[in-house]
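Chain and residue survey
The primary structure of each chain is shown beneath.
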Protein chains: 2
Amino acid sequence: MYLFYTPDISGDAYTLSEEESKHCVRVLRLGTGDAVHLIDGRGGLYAAQITEAHDKRCTVRITGVQREVGKRSGYLHVALAPTKNVERYEWFLEKATEIGVDEITPLLCERSERRTVKAERSEKVVTAAVKQSLKAYHPHLNPMRDFAAFVAQPFDGVKCIAHCMASQKRPLQHLVHPQGRTLALIGPEGDFSPLEVELARQNGFVEVSLGNSRLRTETAGVVTCCIAQLKAELGI
Amino acid sequence: MYLFYTPDISGDAYTLSEEESKHCVRVLRLGTGDAVHLIDGRGGLYAAQITEAHDKRCTVRITGVQREVGKRSGYLHVALAPTKNVERYEWFLEKATEIGVDEITPLLCERSERRTVKAERSEKVVTAAVKQSLKAYHPHLNPMRDFAAFVAQPFDGVKCIAHCMASQKRPLQHLVHPQGRTLALIGPEGDFSPLEVELARQNGFVEVSLGNSRLRTETAGVVTCCIAQLKAELGI
């Protein structure tokens, strides 16, 4: 099933973008009368019928809608320092979306190897993963935030910071509540600095471990999503 | 800490390969008398001292050894159909090694998009991940196996097949025993065929789900490792 991502959908008719129209008519070879599915990224899954199979402005008529499709129990926000190798960061974006995440913030840390990200490119990667993994919810992608400013802002839920230094750390799986909200911070290749961990602690973050293994940044991000998803599905 | 991978280590002296000697002397800039660490891939972590810092045949003297370093409770064998895009398959090899896996078999399935893999290349990816994630155990990488032949061979432990078809599937996390042995099959992009699933069932495999999400092949492989590792560390 191919899902068209149409966040601006409203009413009972829609015109696909030029890119999606071309894909619909030239790649999928669909024509007038054929059924298609659209998602709004907020849980809405729409059944529709093509009214005009134009390869630049294909129009559809909405025939049905399901709400809150695949709604996740709990809420996960992962704030992670993008890796020097942008492919690894994009791998994280894709896998986090497949497994399950609600919000992602690229972090600018003291030891960050990458100080900018291309927001448009990140959005494309996430949208492609949403469509490919048949999700009705599109994760929120925030602009890059400075670490100190980010940890100071309020978050209603459990706040965790994962790092590799020897310290009193609790396993993340003990802190994630299946129906609760979780914010997890993942540091750059060189880890968070002791000052950053201290600043996070002062702002109510708990130091966590993601297990016994030393994980790369992007792997840690994916493992975080796995742990949260497993807790949500196990319901414990 | 840089780990030299030396599976053929024996006795109290060792000569590094040409490649590792060059890395030791030219990249790490280590010299005679400096301390290094070696792993044999079977749990042994060796402390050593450089006796001659030659950039082609660097020799070391073993000064100490720890056994069973990071020994995993339980045993996980993941048999997965390599993806058409070989980079995705190599991402899986790397991430599975980081998170924790004991044995990997590339599978040749009915709907396989990739019918050969370069064993030497796969081995390099896994070895690099072992060293980078500071592991003393090197996963076993098997040659590609035909599905029917593979499911027919004996395995002492829980045997699972993950697929996307509608069926009575049990969550993998309910089947993985923290101290037990698990074999998990992950299919190609187009999933296992109904005939393959039936053949697996006849050979004692249990149909499992990896959660509510539709996962790519390589993601399913990584999630499998996460689930097993989480069960092992949670001890439940």
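Just above sits the structure.
On a predicted model such as this, the values are computed, not experimentally measured, just so you know.

1. A word on the overall build of chain A
When its secondary structure is counted, chain A shows seven helices and 13 strands. The dimensions of chain A, computed from C-alpha atoms along their principal axes, are 65 × 35 × 30 Å. Out of the 236 residues in chain A, the part that is buried amounts to 49%. In chain A, the share of contacts with a sequence separation of at least 24, taken over all contacts with a separation of at least 6, comes to 74%.

2. Notes on the interface of chain A and chain B
Listed as interface residues are 29 residues of chain A and, on the opposing side, 29 residues of chain B. In this assembly, chain A and chain B are joined by 16 residue pairs in polar contact (both at pLDDT 80 or more). Going through the elements one at a time, α2 (86-99), α5 (172-175) and α7 (217-234) of chain A are the ones with two or more residues in the side of chain A that touches chain B. Sorting elements by how many residues they give to the side of chain A that touches chain B places α7(A) first, with nine residues. Residue composition of the side of chain A that touches chain B, by class: 11 nonpolar, eight polar and 10 charged.

3. Focus on the sheet that holds strand β1 (residues 3-5) of chain B
All names here are of chain B. Read from one edge of the open sheet, five strands run β1-β3-β4-β5-β2, paired in mixed fashion. Edge strands, defined here as strands with exactly one partner in the open sheet, are β1 and β2 (13-15). Neighbour-to-neighbour, the strand axes of the sheet open up by a mean angle of 40°, direction not taken into account. Sheet topology note: the β1/strand β3 (residues 35-39) ladder contains three bridges and is parallel.

4. Here we look at the relation of the copies chain A and chain B
Least-squares fitting of chain A to chain B yields an RMSD of 0.0 Å, with the transformation described by 0.0 Å of translation along the axis and a rotation of 180°. Here the two chains are linked by the operation of a two-fold rotation axis. Considering only C-alpha atoms, the residue of chain A closest to the rotation axis is A:C226, which sits at 3.4 Å. Mapped onto chain B, 100% of the interface residues of chain A again fall at the interface, so both copies present the same surface.

5. Quick notes on the pairing of strand β6 (residues 75-80) of chain A
All names here are of chain A. For β6, a buried count of five out of six residues is recorded, marking the element as mostly surrounded by other parts of the structure. Bridging between β6 and strand β12 (residues 181-186) involves six bridges; their strand directions are parallel. When the bridges of β12 are listed, V78 appears paired with A184.

6. As for the packing of aromatic side chains
All names here are of chain A. According to the stated counting rule, one finds seven aromatic pairs over all chains in the structure shown. For the pair F147 and F192, a centre-to-centre distance of 5.3 Å together with 50° between the ring planes defines the contact as tilted. Taken together, the residues span a long stretch of sequence, with F147 in helix α4 (residues 147-152) and F192 in the loop between β12 and α6 (194-202) at a distance of 45 residues. Looking at R181, its charged tip hangs above the ring of Y75, at a distance of 4.6 Å from the centre.

7. Digging into the sheet that holds strand β3 (residues 35-39) of chain A
Residue and element names in this part refer to chain A. The strand order β1-β3-β4-β5-β2 describes an open sheet built from five strands, whose pairing is mixed. On the outer flanks of this sheet lie β1 (3-5) and β2 (13-15), each paired with one strand and no other. Here the strands of the sheet are splayed against their neighbours by 40° on average, with no regard to which way each runs. As paired strands, β3 and strand β4 (residues 45-52) are joined by five bridges and run antiparallel to one another. Following the sheet pairing, A35 is matched in β4 by Q49.

Rules of the game
- Counting of residues starts from 1 at the beginning of each chain's written sequence and follows it residue by residue.
- Each chain takes a letter, starting from A, and each ligand takes a number, starting from 1, following the order in which they are written.
- Restriction of local features to residues with pLDDT of at least 70 applies here, the model being predicted, together with a cutoff of 80 or more for giving and counting side-chain atom pairs; totals for whole chains, interfaces and linings are based on all residues.
- Computation of side-chain values covers all heavy atoms of the structure but excludes hydrogens and water.
- Note on conventions: DSSP H or I runs of at least 4 residues are helices, E runs of at least 2 residues are strands, and numbering of each starts at the N terminus.
- Each residue is assigned to one of three classes by its accessible area relative to the maximum for its type, calculated with a 1.4 Å probe on protein chains only: buried under 20%, partly exposed between the two thresholds, exposed over 50%.
- Here, two residues are considered to be in contact whenever any of their heavy atoms come within 4.5 Å of each other.
- What qualifies as a polar contact is a pair of N or O atoms within 3.5 Å, subject to a donor-acceptor requirement within protein and to the restriction that residues adjacent in sequence count only when both atoms come from side chains.
- Under the grouping applied here, Gly and all other residues not named as nonpolar or charged are polar, the nonpolar ones being Ala, Val, Leu, Ile, Met, Phe, Trp, Tyr, Cys and Pro and the charged ones Asp, Glu, Lys and Arg.
- By definition, two strands form a pair when at least two bridges between them are found by DSSP.
- Note on definitions: angles span 0 to 180 degrees between N-to-C directions of axes, and those axes are lines fitted to C-alpha atoms, for helices only across the stretch in contact.
- Residues below a pLDDT of 70 in either copy are left out; the C-alpha atoms of the rest, at least 70 in both, set the least-squares superposition of the copies.
- Two rings belonging to Phe, Tyr or Trp (six-membered ring only in the last case) form a pair when the distance between their centres is within 6.5 Å. Interplanar angles under 30 degrees mark stacking, angles over 60 mark edge-to-face geometry, and anything in between is tilted.
- To sit over a ring, a charge needs its Lys NZ or Arg CZ within 6 Å of the ring centre and within 35 degrees of the ring normal.

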